[in-house]
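Residues per chain are reported as follows:
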Amino acid sequence: MAQQCILTVDIGTSSTKTAVWNSDGQMLAEASATYILHRPGPLVAEIDADVWWTAVCKTIQQVMQTAGLLPDDVAGIGIDGVGWTLIPVDEEIKPLAPAMIWLDRRAQIETAWLNSLPEAQQLIDLVANPIDAAYITPKLVWLKQNQPQIFDRAHQFLAATGFIAARFTGELSCDYTQAYGYHFFDIHNECWDATAAATIGVPLEKMPRLYSPTEIVGSVTVQAAAESGLRAGIPVIAGCLDAAAGALGAGVTQPGQTNEQGGQAGGVGISLDRVVIEPRLIFSHHVLPDQYLLAAGTVGGGSLGWFRDQLGQAETAVAPLINQNPFELFSLQAGQSTPGANGLIFLPYMAGERTPLWSSVARGVFFGLSYSSSRADLLRAIMEGCAFAVYDNLQIAEEHGITVSEYLGSGGAAQSAVWCQIKADVYGRPFVVAQREDGGEGGHGLGLFALTAYAVGLCDDISTCVDSLLPKRRLYTPSSENHAHYQELFQVYRSVSRKLIDDFTDLDRIRRTIL
C-alpha cells in the first residue's frame, strides 16, 4: 500500500533544500544543491531560473532514493522561495532573462522615478510597503526601459515560487505572500489593482492569477514527472515566501508571535491580525488566514561568513579535525568576551542594509577598535551588531503599539547559545527556540509540510499541526543588567549608523571614480 508522504522544496539564495516527510511529520530524508549567483556588477544579483529547476529535480531524486520511496508514495508537494524576484517567461514557461533576485538593486533610477510620481504614496499605501530597488516593481520598470524586447515578449512575470510551481504543473500563479513585491497588489483586498498597474506601466494580462498559499494550483505534468522522477498527477500547492514558511516552521501560528531568522538574509517577522503601513519596514501576508507579517530585513547575517573567509583560516582548518564547524568555534571565542565587546561596536552593513535604512551604499564598520581589542571582541561585536540591527527595527514596530507575545529564533544563528543569549539581553525579552521532539529545529520544511498536509487532507488545522511538531522550547532568559548596558550601547550604535549615512554615499562615489 502506498504511503502518504509530502515533498517540500525550499528555493534559497544560494541553495535549494528538498525534504520528504511521512504523514506524521517526521522527516525521512533531506538533500540540498548549491548554486552560484551571477554578480557582473555591484548592484546586480541574478541567476538562470532553470538552475533552480535542475536543483529541484536533482534533490527530489536524492531524497526519494534515500528514503526508499516510490513515486506513488508522494501525496503532495509544497514550495517556498526567495522574495522580490522577477522572472519573465514565455508561453512555454522558459525564462527570457536571468532571474533578478532580492539582492539585485540595479533599478536605482527607476526607484527614484517611482518615488517621484504624484501617486507614489498611493502605491505605498496600496501594498503597505516602501518603493525600494529590492522590490519587484522597480525591476519591472527597469526591464521595460532597458530590455523592452524582453518585457514585450514576456507572456507572464513570475516570482520564484510561482516559477517552480509552473514548472511542476504548467499553471501560472502568484501566492499572496509573494505578491507584496508588486506595488499594484492591493494587500487589503488580495487582488491586482488595474489603476496602479497602469500608473506603473505593467499590463495586467502579463500577471498570473493570485492564490492563497494552501490552494492547489495544479498537478505534476507528464514532462515534470519525467524530469523529476515523480509521477504525473501529484497535487502542488501555490506555496509561499521563504520567510513566511520559516516563520510558520519556527512556531509562529498566532498574532503576537515573532520569528527571528538568523541567516544571510536575516530579519524578524511579527504576526499581526491587521494591516500596518510602515514604510521603514516590510509588510506581507502570513501563510495563515487573516494573519500578516510585519517584517524587518537585514543582511548582516553573512558577517560571520566573511570573518571565516578572511580571518578564520585557523578555525576552518581545525574544525573538521575535532568534528565541529568553524561557527561553533567562533561562538566559543565570542563567549570569552564581555557584553559590549569591550567597547567595540559593529555595523553589519556588509552588503548595504534593508530595513530601516534602505541603503545600497551602507557598509560594515567596526567602531571603537583599539590595541586591546581581541579576536573574541571582534566576534562578539559582530554578533551584537547583528542583534542591534534587528533591535533597531523592533523599536519602530513598537511605535505602532505592537507587542510581542513570544520571540522565537530560528536559522543558523539559533545554533549558538552565546548568540541566543546576546539577543535575549539586547531585546530585553526571553529568546525561545522551538524544537521538535528529537531536539532539532522546525524551519522552512516543517512549515511547508504543515501547509501541504493541510491542503491534501492529511491534517485538519495548520496551527495545531505545527504546534504538535514543536513540543519543546529552549529558553534564554534576559539579564536585566546586561539589557541596561546594551540599551546604552544601542544608542551609540544607532547614532553612528545614522551619522554615517552621508559618508557612505560619499565613499561609494569615490570608490566608483577609482574603478
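Below or above, wherever it landed, is the structure these notes cover. (Residues numbered from 1 in each chain as written. Predicted model: local features only at pLDDT ≥ 70, side-chain atom pairs only at ≥ 80, totals over all residues. Heavy atoms only, no water.)

1. Description of unusual backbone geometry
Here the residue pair Thr-355 and Pro-356 is connected by a cis peptide bond, since its omega of -10° sits within 30 degrees of zero. Among the structural elements, Pro-356 can be located in the loop between strand 20 (345-347) and strand 21 (365-367). Residue Ala-128 is not a glycine yet carries a positive backbone phi of 60°. Tracing the chain through its elements places Ala-128 in the loop between helix 3 (120-127) and helix 4 (136-146). Positioned with a positive phi, Asn-323 is a non-glycine residue whose angle comes to about 60°. By secondary structure assignment, the location of Asn-323 is in the loop between helix 11 (313-318) and helix 12 (326-334). For Asn-323, a relative accessible area of 72% corresponds to the exposed category. (Helix = DSSP H or I, 4+ residues; strand = E, 2+ residues; numbered from the N terminus. Buried < 20%, exposed > 50% of the residue type's maximum accessible area, 1.4 Å probe, protein only.)

2. Brief notes about the nonpolar core
Core analysis: the largest hydrophobic core is formed by 182 residues, its most contacted members being Trp-52, Ile-77, Phe-168, Tyr-182 and Phe-184. With 14 residues, helix 13 (residues 375-398) is the single largest residue contributor to this core. Residues contacting Phe-184, with those up to four places away along its chain left out, are Leu-126, Leu-140, Cys-191, Trp-192, Asp-193, Ala-196, Ala-197, Ile-200, Val-202, Leu-204 and Met-207. (Core = buried A, V, L, I, M, F, W, Y, C linked by side-chain atoms within 4.5 Å. Contact = heavy atoms within 4.5 Å.)

3. A few points about the state of the cysteines
Applying the stated rule across the entire model yields zero disulfides. In this structure Cys-386 is a free cysteine whose sulfur lies 13 Å from that of Cys-420, the closest cysteine sulfur available. Given a relative accessible area of 10%, Cys-386 falls into the buried group. (Disulfide = S-S within 2.5 Å.)

4. Section: the environment of Gly-335
Locating Gly-335 in the fold gives a position in the loop between helix 12 and strand 20. Residue class for Gly-335 comes out partly exposed when judged on its relative accessible area of 39%. Taking the C-alpha atoms as reference, Gly-335 lies 30 Å from Gly-12; in sequence the two are 323 residues apart. Excluding residues that lie within four positions of it along the chain, Gly-335 makes contacts with Arg-380 and Val-418.

5. A short note on the pairing of strand 17 (residues 266-272)
With seven of its seven residues buried, strand 17 lies for the most part within the structure. Pairing of strand 16 (residues 257-262) with strand 17 involves four bridges; the strand directions are antiparallel. Across the sheet, Asn-259 pairs through a bridge with Gly-269, a residue of strand 17. Two elements, strand 17 and strand 19 (residues 292-298), share seven bridges in a ladder whose sense is antiparallel. In the strand pairing of strand 19, Gly-269 is matched with Ala-295. (Pairing = 2+ DSSP bridges.)

6. Quick look at the side chain of Lys-423
Topologically, Lys-423 is positioned in helix 14 (residues 417-427). One polar contact links Lys-423 to Glu-260, side chain to side chain, over a distance of 2.9 Å. If we ignore the near neighbours within four places in the chain, the residues touching Lys-423 are Glu-260, Ala-387, Ala-413, Gly-428 and Phe-431. (Polar contact = N/O pair within 3.5 Å; in protein donor to acceptor, adjacent residues only side chain to side chain.)

7. A closer look at the packing of helix 2 (residues 108-116) against helix 4
Close contact between helix 2 and helix 4 brings their axes to 8 Å; oriented N to C, the two are set at 115°. The angle between helix 2 and helix 4 falls in the class roughly perpendicular. In the crossing of helix 2 with helix 4, the sense of the turn from one axis to the other is right-handed. Along the contact surface, helix 2 presents Glu-110, Thr-111, Trp-113 and Leu-114, while helix 4 presents Thr-137, Pro-138, Val-141, Trp-142, Gln-145 and Asn-146. Class assignment of the residues belonging to the contact of helix 2 with helix 4 gives a composition of five nonpolar, four polar and one charged. (Axes fitted to C-alpha atoms, helices over the stretch in contact; angles between N-to-C directions. Parallel < 35°, antiparallel > 145°, perpendicular 65-115°, else oblique. Left-handed = near helix turned anticlockwise from the far one by under 90°. Nonpolar A, V, L, I, M, F, W, Y, C, P; charged D, E, K, R; others polar.)

8. Here we look at helix 10 (residues 303-311)
Taken together, the buried positions of helix 10 are occupied by Ser-303, Leu-304, Gly-305 and Phe-307. The elements touched by buried residues of helix 10 are helix 12, strand 20, helix 13 and helix 14.

9. Regarding the pattern of salt bridges
When the charged atoms of two side chains with opposite charge come close together, those side chains can pair. Counted under the stated rule, the structure contains 20 salt bridges. For Glu-215, the salt bridge is made with Arg-209, and the minimal N-O distance between the two is 3.6 Å. Taking the shortest distance from any N to any O, the salt bridge between Lys-423 and Glu-260 comes out at 2.9 Å. Residue Lys-423 is located in helix 14, and its partner Glu-260 is located in strand 16; the two are separated by 163 residues in the primary sequence. The pair formed by Lys-423 and Glu-260 is uniform in burial state, with each residue classed as buried. (Salt bridge = Lys/Arg side-chain N within 4 Å of Asp/Glu carboxyl O.)

10. Things to note about the packing of aromatic side chains
Counted under the stated rule, the structure contains 25 aromatic pairs. Here Trp-84 and Tyr-135 contribute two aromatic rings whose centre-to-centre distance is 4.2 Å and whose plane-to-plane angle is 35°, an arrangement assigned as tilted. Taken together, the residues span a long stretch of sequence, with Trp-84 in the loop between strand 5 (74-81) and strand 6 (87-89) and Tyr-135 in the loop between helix 3 and helix 4 at a distance of 51 residues. Comparing Trp-84 with Tyr-135 shows no difference in burial state: the two are buried. Between Trp-84 and Trp-358, the ring centres sit 6.2 Å apart and the planes meet at 45°, which makes this aromatic pair tilted. Of this pair, Trp-84 sits in the loop between strand 5 and strand 6 while Trp-358 sits in the loop between strand 20 and strand 21, placing them 274 residues apart in sequence. Here the two residues Trp-84 and Trp-358 agree in accessibility, since each one is buried. (Phe/Tyr/Trp six-rings, centres within 6.5 Å; stacked < 30°, edge-to-face > 60°.)

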